[in-house]
Amino acid sequence: MINVDLREALEFVDEGEFKSALDHANSAFKQVVEGTGPGSDWLGWRRILAEPNDAEIDRIAQHAAKIREDADIFIVCGIGGSFTGAKAIIDALNLPFNSKGPEVLFAGHHMSGRYLEQLMKYLQEPKSDGEPKSVYLNVISKSGSTLETALAFRTIRKWMHEFYDDANKRIIATTGETGGVLNKIIEEEGYSKYIIPEDIGGRYSVLTPVGLLPVSVAGVDIQTLYYGAVSEYEHLEKDPETVLEYSAFRYLMHKEGVALDVIGSFEPELMGFADWTQQLLGESEGKEGKGLFPAVAGYSTDLHSIGQMIQQGQRNMMETLFVVDSPLSQFKVPKVESDTDQLCYLDNKLFHEINKSAQEGTVQAHHEGGVPVVKILIEKLNAQQLGQLIYFYELVTAVYVYMLSVNPFNQPGVENYKQAMYRLLGKNDN
Ligand code: PA5
């Protein structure tokens, strides 16, 4: 289960106010459970954990296993909630520099022509044995019309149809049940399709085929991941204390005028997860002039950049740290004969222990510098606990955003840039 440590945070709030905020959080939690809050048509991310669809999870795992046998490259083409979740899980659970299984690449998450041009060149370059690469493409878009994704999809699929006789079986689409341009293309071309349920928004969709197919192709055990989330769901339905405490604390920070939540970790593996929470929180709470800006910091790297600002800049922030208790590896500092580099005091020490000291030192320093620090604790970084962490954050987001009297499930502001961009591009609305 996910634990929350508020020891370096609670002294920044009044005890009585915290108690009232907990009551407020409990009412918001009830709104989520009873489906009585704004946007309650969008609670499918809870429904799928209450009634797991094992047949669909199996179908995805079997399809992914076949792709793994044949693919050199698997491209995930999507943006926002249609790619951050998969990336978060793959970054967290796959070993760096590990070449087992297909290489997972991302596209459709920005509009860089240079990136796409180089990607196309890379796909077309033969392997070291002179054979062509075997490429699969998963286009993911609930609306089926997001420009970044649609342009990358058009580019890659045009080449795939020219290059492979069996392009139709190599292209897999994940989208809404009906409607949208993508569904028309799927019908015309006969691509395999996975459905994103109507009642689940993009940033809450990681445990649907949106996230499950790519991570399964990457070699993640999706049953374990999924049932990790189910176990956290079942636990929090009975005992939501951790969610209430964290939500109540964030709410009080917001009320006191804090502007930023710096979300970070000393485990680089969790930075993709921090990006996922950034989107989840940012698109859910940043409305009606409200919300804590979710800023992401990767430690200890960023202690040598924005760490200065966190320590001594404007006092308008709180911090959330993802902490993994067990070592991710047993790698030690090598022992050498001479102490010229003056590091012999660390001979044979686990990097995990050194990292932990850096983390504890940073928590102390930030706390003393006037920054409340909340630690979100997991014991081990594995599929089960990552599944738990995913549901924990989905629920925290819904509860805390309800406390602000905001609908966590829409994103009306995202349309503004699109309208301005389409005007500039001369898009015909018909
Ligand atoms: O959370 C959301 O709804 C958004 O971030 C979407 O996921 C993102 O805009 C991509 O949309 P679509 O899947 O329709 O292409």
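To be clear, the structure that these remarks concern was listed above.
This text gives an overview of the structure that appears in the document. Predicted model, so just to flag it, every value in this text is computed and none were measured.

Taking strand neighbours across the sheet as the criterion, the five strands line up as 1-10-9-7-8 in an open arrangement whose pairing is mixed. For this open sheet the edge positions go to strand 1 (3–5) and strand 8 (293–298), each flanked by a neighbour on one side alone. When strand polarity is set aside, the average angle formed by the axes of neighbouring strands in this sheet is 25°. Bridge count for strand 1 against strand 10 (residues 373–378) is three bridges, and the pairing is antiparallel. If you follow Val 4 over to strand 10, its bridge partner there is Ile 376. Seen against the sheet, helix 11 (residues 241–255) touches strand 1, strand 7 (260–265), strand 9 (317–324) and strand 10 and runs at an angle of roughly 155° to strand 9. The sheet strands contacting helix 15 (residues 383–403) are strand 1, strand 9 and strand 10, and the helix crosses strand 10 at an angle near 140°.

Let us look at the side chain of Glu 285. Here Glu 285 is to be found in helix 12 (residues 271–285). Only 2.5 Å separates the side chain of Glu 285 from the side chain of Tyr 400, close enough to count as a polar contact.

In this fold, Asp 261 is placed in strand 7. By relative accessible area, Asp 261 is classed as buried at 0%. In terms of polar contacts, Asp 261 uses its side chain to reach the side chain of Arg 250, at 2.9 Å. Setting aside its immediate chain neighbours within four residues, Asp 261 contacts Tyr 246, Arg 250, Leu 292, Phe 293, Pro 294, Ala 295, Met 318, Glu 319 and Thr 320.

Mapped onto the elements, Leu 119 comes out in helix 5 (residues 113–124). When sequence neighbours within four positions are dropped, the list of residues in contact with Leu 119 reads Leu 105, Ala 107 and Ile 156.

The rules we used
Think of each chain on its own: its residues are numbered from 1, step by step along the sequence as written. Given that the model is predicted, a residue must reach a pLDDT of at least 70 before its local features are reported, and side-chain atom pairs must reach 80 or more before they are shown or counted; all residues, however, enter totals for whole chains, interfaces and linings. Just so you know, side-chain values use all the structure's heavy atoms and leave hydrogens and water out. Two strands form a pair only when DSSP identifies at least two bridges running between them. In this description a helix means any DSSP run of H or I spanning at least four residues, a strand means any run of E spanning at least two, and both kinds are numbered starting from the N terminus. Here, axes are lines fitted to C-alpha atoms. For helices the fit covers the stretch in contact, and angles between N-to-C directions go from 0 to 180 degrees. By definition, residues are in contact when any of their heavy atoms lie within 4.5 Å. Identification of polar contacts relies on pairs of N or O atoms within 3.5 Å, with a donor-acceptor requirement for protein atoms, meaning one able to donate a hydrogen and the other able to accept it, and with residues adjacent in sequence counted only if both atoms are side-chain atoms. Partly exposed describes any residue whose relative accessible area lies between the buried limit of under 20% and the exposed limit of over 50%, with all areas from a 1.4 Å probe on protein chains only and scaled to the type maximum.

Such coordinate-based values are descriptive only and should not be taken to indicate function.
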